[in-house]
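Chain residues, written in single-letter form:
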Amino acid sequence: MTIYNDQISQYTTNLFAIHDKGLQRAWDETPRKGLPAISIKPEEGRFLQFLTRACGAKKALEIGTLGGYSGIWIARGLVPGGKLITLELESRHAEIAREHFEFAGVGESIEIRLGDAHHALEQLSSEAPFDFVFIDAEKTGYPKYLAWALEHTRVGGIIAAHNAYRKGSVAGLAEPDAYTETMREFNISIATNPRLMSTIYPAGDGTLVSVKVA
Ligand code: SAH
Ligand code: MG
């Protein structure tokens, strides 16, 4: 019997993912300022923070900033003196995220790079290797983001990618949408990659998580 559901999720959240003022502000203000309500959930944020610290991350990378909610969690998992670089295409998203980072007290440890992540990554190669990479931008870009992350994350580092379940559609739990097949293929590519040891963390929309083993 699997008992995981919204009530269990709330129980976990109440124990481990309570918002302080900084997280609450990013959570409330992102949709209120007209950005899409697609931030990760509190439980998922706590998990990213946990992973960041579990691999002792000093250099972390996020692809897809939005209002900065996930970035705050990741930044708070970094070892002291660590830094998060987060990539965002939309200048308005980046501006709002910057405000949220400052308010949450993590402004010093986060750099937002504005522009298409595919271009930004070319320049970021010289700043590799990263300890932790979180992929959460356009789904069609995932295969390229993963290929980059594989080459630019250290062995023992962690690569995570959001929306593994695509609202349950990958498993037939919801009607397929335009990206269901993209995510199915992406999930298979992670599951079968011999350089990664992976699984899916099932809270929220599912986070693929991989340790780079080779
Ligand atoms: N990680 C965020 C949510 C990200 S939503 C959180 O959980 O809080 C996805 C974001 O990726 C959006 O802000 C979108 O503008 C951005 N994005 C989409 N395509 C992109 C690209 N090619 N390069 C950089 N950012 C992109
Ligand atoms: Mg997402």
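Heads up: the structure comes first, above all this text.
What you see is a predicted model, and the numbers here were worked out from it, not measured in a lab.

*Asks:* Would you mind going over the site of ligand 1 in detail, with residue names and values included?
*Replies:* Surrounding ligand 1, one finds 21 residues, the nearest of these being Ser70, Glu88, His93, Ala117 and Asp136. Leucine 66 places a polar main-chain atom, nitrogen or oxygen, 3.4 Å from an oxygen atom of ligand 1. In the environment of ligand 1, a nitrogen atom lies 3.2 Å from a nitrogen or oxygen atom belonging to the side chain of glutamate 138. Contact with the protein chains covers 91% of the free accessible surface of ligand 1, which is 580 Å². Of the residues in the shell around ligand 1, the class split is 9 nonpolar, 6 polar and 6 charged.

*Asks:* Just give me the short version of unusual backbone geometry, but keep the residues and values in it.
*Replies:* Across the junction of alanine 128 and proline 129, the peptide omega takes the value 5°, indicating a cis bond. Residue position: proline 129 is located in the loop between helix H6 (117-124) and strand S4 (130-135). The phi angle at asparagine 163 is positive, at roughly 70°, despite the residue not being glycine. Looking at the element boundaries, asparagine 163 is found in the loop between strand S5 (153-162) and helix H8 (180-191). When its relative accessible area of 12% is taken as the criterion, asparagine 163 is described as buried. Positive phi outside glycine occurs at lysine 167, with the angle close to 60°. Looking at where lysine 167 falls in the secondary structure, it is placed in the loop between S5 and H8.

*Asks:* Lay out the coordination of the magnesium ion (ligand 2) with the relevant residues and their values.
*Replies:* Looking at the magnesium ion (ligand 2), the protein donor atoms are Asp136 (OD), His162 (ND1) and Asn163 (OD1), and they sit 2.1 to 2.2 Å from it. Taken in sequence order, the residues that donate to the magnesium ion (ligand 2) follow the motif D-x25-H-N. Separated by 27 residues along the polypeptide, aspartate 136 in the loop between S4 and helix H7 (142-152) and asparagine 163 in the loop between S5 and H8 bring together distant segments of the chain. Like aspartate 136, the residue asparagine 163 is buried in the burial classification.

*Asks:* Give me the lowdown on the nonpolar core, citing residues and values where you can.
*Replies:* Generally speaking, soluble globular proteins have nonpolar side chains that are buried together. Leu48 and Phe132 are the most contacted members of the largest nonpolar core, which has 29 residues in total. Per element, the largest residue contribution to this core is 5 residues, and it comes from helix H4 (residues 69-75). Beyond its immediate stretch of four places on either side in the chain, phenylalanine 132 contacts Leu48, Leu51, Thr52, Cys55, Ala57, Lys59, Ala60, Leu61, Ile74, Ile158 and Ala160. By size, the runner-up hydrophobic cluster in this structure holds 27 residues, among which are Phe130, Ala149, Ala164 and Phe186.

Criteria and cut-off values
- Residues numbered from 1 in each chain as written.
- Chains lettered and ligands numbered in written order.
- Predicted model: local features only at pLDDT ≥ 70, side-chain atom pairs only at ≥ 80, totals over all residues.
- Heavy atoms only, no water.
- Near = heavy atom within 4 Å.
- Polar contact = N/O pair within 3.5 Å; in protein donor to acceptor, adjacent residues only side chain to side chain.
- Areas by Shrake-Rupley, 256 points an atom, 1.4 Å probe, with all protein chains shown as cover.
- Nonpolar A, V, L, I, M, F, W, Y, C, P; charged D, E, K, R; others polar.
- Helix = DSSP H or I, 4+ residues; strand = E, 2+ residues; numbered from the N terminus.
- Buried < 20%, exposed > 50% of the residue type's maximum accessible area, 1.4 Å probe, protein only.
- Donors = N, O, S within 2.8 Å, 3.2 Å for Na, K, Ca; no water.
- Core = buried A, V, L, I, M, F, W, Y, C linked by side-chain atoms within 4.5 Å.
- Contact = heavy atoms within 4.5 Å.

Function cannot be inferred from these measures alone, as they are strictly geometric.
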